[in-house]
Structures are given as C-alpha cells and as structure tokens.
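In case you want the letters, here they are:
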Amino acid sequence: CSSCGGAKLRLVQFRRRLEPGEEEALERALKRKRDQWPLDDLPLGPEILADVNMVLEQDKWNGEPSGTSWLRDWLRDGADWADVLEERKPSNDKEYFCQACRQACYSGQDLKQHEQTSTHRKRQRTWSWRYGVPPELVTSTPPPQEAADDAASTGDLPADVPAGASKAVADLLRKAARIRESPVAMAKRRLLEYRNSLTAEQRQE
C-alpha cells in the first residue's frame, strides 16, 4: 500500500539515528506473536512508532505478510540502504542510468533493453520492496532527509489512516500528524532545510 511505502522510505532515511537501546527494544519486540501487536510500548517517537507498526501490519511479499522480515532486515542493513539513497548518479551518465542496478547505459534504447532483462526486473522488485517506492520516485526528489521533511510538511507522505490499520496504529498516525503540524516540528524542518543547503566545508566550520 502507498502508506506502507511511505513508512518504509521514512524508516530507511531515519535508520542511522536509531539509538542502540531503541534497536535492542525493537529486536525483542519483533519476537512477539501477532496477537501482541501493535508494538505501542517501545521507546520510539510517535512518528517512527507509527511507521514501524504500519510496516508490521500492512507489508506483504508475494501476497504473504512480510512486515517482520522487512523490519529485521532494516535493523541489520538499513544504514547501507540509506547510503544507496544518498548516492548520486554520475554526472557523465546523464539520464541513461539505472538506479536499481547502479548501471550506466549508452542511450535510451540501451536503457530500455536493460530494463527488459530478468536481472533488472528482479532488482527493481527488490528495490521497491526495500524502499517502498520505485527508484524513479526517489531519484527525482531532493536529498533524502530534505525530501522526507518536505513531504511531511506538504502531506505527500499521507497521514491518512489506510484501510485495515488497527485502531492503535490509527491513533499513532493521528498523533504523529499533530506533531508534524506543531510549531516546534516546523522549526526543526526549517533548520534541516538550512543544514542541507550548506556545503560539507560550511558544516565543519
């Protein structure tokens, strides 16, 4: 679902900021049985907690529930996933570049042929499951953190409660939406936007 996809993308972008104690608490919680969901007692902020529970309850792979598997993979490899998001395609490759495969093509026709290969289709499917959205929707946006903040402020990553979400997750999503709209949250977004506009040298001064 689109809300689950937005939740995955935000969690990947957030992964490096997860504290060791938060990781351990989530690892333990993922061992609980389904009848003990949602995980509403973890030491996480309401926005992150809502996204964790959204993925836990809604994510599927080949029609089967896969939220627990995704969250375990995210805890283990999420920082590496975030590195891939932040990589920019080489400037000399222009538009003929496959983000899912990290492969440059010589022309539009070459790229189309590449996209028909089984290797590409497999990597494209894995990318979409991992990040919640296809590569073109990530590479056409600003840098990850700025994109997440802009989307939250404009509503591009919906705070609406999707069909099938539990009451606890619905309550968490509404609470997260209220927090995003608070003056403090808006101030933080402005500071993050300013920080993202600085060069590496300026940030070190």
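Since the model is a prediction, treat every value here as computed from it, not as a measurement. (Residues numbered from 1 in each chain as written. Predicted model: local features only at pLDDT ≥ 70, side-chain atom pairs only at ≥ 80, totals over all residues. Heavy atoms only, no water.)

Brief notes about the packing of helix 4 (residues 67-86) against helix 6 (residues 118-131)
Part 1: Relative to each other, helix 4 and helix 6 sit at 110°, their axes nearing to 10 Å. Relative to helix 6, helix 4 is oriented roughly perpendicular. Along its contact with helix 4, which presents W70, D73, W81, V84 and L85, the element helix 6 presents W127, W129, R130 and Y131.
Part 2: Here the contact of helix 4 with helix 6 is built from residues that sort into 7 nonpolar, no polar and 2 charged. (Axes fitted to C-alpha atoms, helices over the stretch in contact; angles between N-to-C directions. Helix = DSSP H or I, 4+ residues; strand = E, 2+ residues; numbered from the N terminus. Parallel < 35°, antiparallel > 145°, perpendicular 65-115°, else oblique. Contact = heavy atoms within 4.5 Å. Nonpolar A, V, L, I, M, F, W, Y, C, P; charged D, E, K, R; others polar.)

With respect to helix 3 (residues 46-58)
Part 1: Taking 1.5 Å per residue, 13 residues should reach 18 Å; helix 3 reaches 18 Å between its end C-alpha atoms and fits that length.
Part 2: Counting buried positions along helix 3 gives 11 out of 13 residues, so the element sits mostly inside the fold.
Part 3: Within helix 3 the residues assigned to the buried category are I48, L49, A50, D51, V52, N53, M54, V55, L56, E57 and Q58. (Expected span 1.5 Å × (residues − 1). Buried < 20%, exposed > 50% of the residue type's maximum accessible area, 1.4 Å probe, protein only.)

Brief notes about helix 2 (residues 20-29)
Residues three or four positions apart in an α-helix share a direction because the helix packs 3.6 residues into each turn.
Part 1: Of all the residues in helix 2, the buried ones are E22, A25, L26 and A29. End-on view of helix 2: buried residues confined to an arc of 95°, all on one side of the axis. Structural note: helix 2 exposes P20 and R28 on the side pointing more than 90 degrees away from its buried face.
Part 2: Of the surrounding elements, those touching the buried residues of helix 2 are helix 3 and helix 4. (Arc of directions from axis to C-beta.)

Observations regarding the environment of D59
Part 1: Positionally, D59 belongs in the loop between helix 3 and strand 1 (60-61).
Part 2: On the accessibility criterion, D59 (6% relative accessible area) is buried.
Part 3: Sequence separation between D59 and C4 is 55 residues, and the spatial gap between their C-alpha atoms is 6.5 Å.
Part 4: Engagement of the side chain of D59 in a polar contact is seen with the side chain of W129, the distance being 3.1 Å. (Polar contact = N/O pair within 3.5 Å; in protein donor to acceptor, adjacent residues only side chain to side chain.)

A short note on unusual backbone geometry
Part 1: Even without a glycine there, the phi angle at N62 is positive, about 55°.
Part 2: Its place among the elements puts N62 in the loop between strand 1 and strand 2 (64-65).
Part 3: Positive phi, close to 55°, is recorded for R102, a residue that is not glycine.

Focus: the confidence of the model for the protein chain
Part 1: When pLDDT is averaged across the protein chain, the result is 75; 62% of the residues are at 70 or more.
Part 2: Contacts for the low-pLDDT stretch residues 139-159, under 50 throughout, to residues beyond four places or in other chains number 28 contacts. (pLDDT = per-residue confidence, 0-100.)

Considering the pattern of salt bridges
Part 1: Under the definition given, this model contains 7 salt bridges.
Part 2: Of the charged contacts in the structure, one is a salt bridge between R15 and E23, with a shortest N-O distance of 3.4 Å.
Part 3: Residue class for R15 comes out buried when judged on its relative accessible area of 8%.
Part 4: Between R16 and E86 there is a salt bridge; the shortest N-O distance is 3.3 Å. Separated by 70 residues along the polypeptide, R16 in the loop between helix 1 (2-14) and helix 2 and E86 in helix 4 bring together distant segments of the chain. (Salt bridge = Lys/Arg side-chain N within 4 Å of Asp/Glu carboxyl O.)

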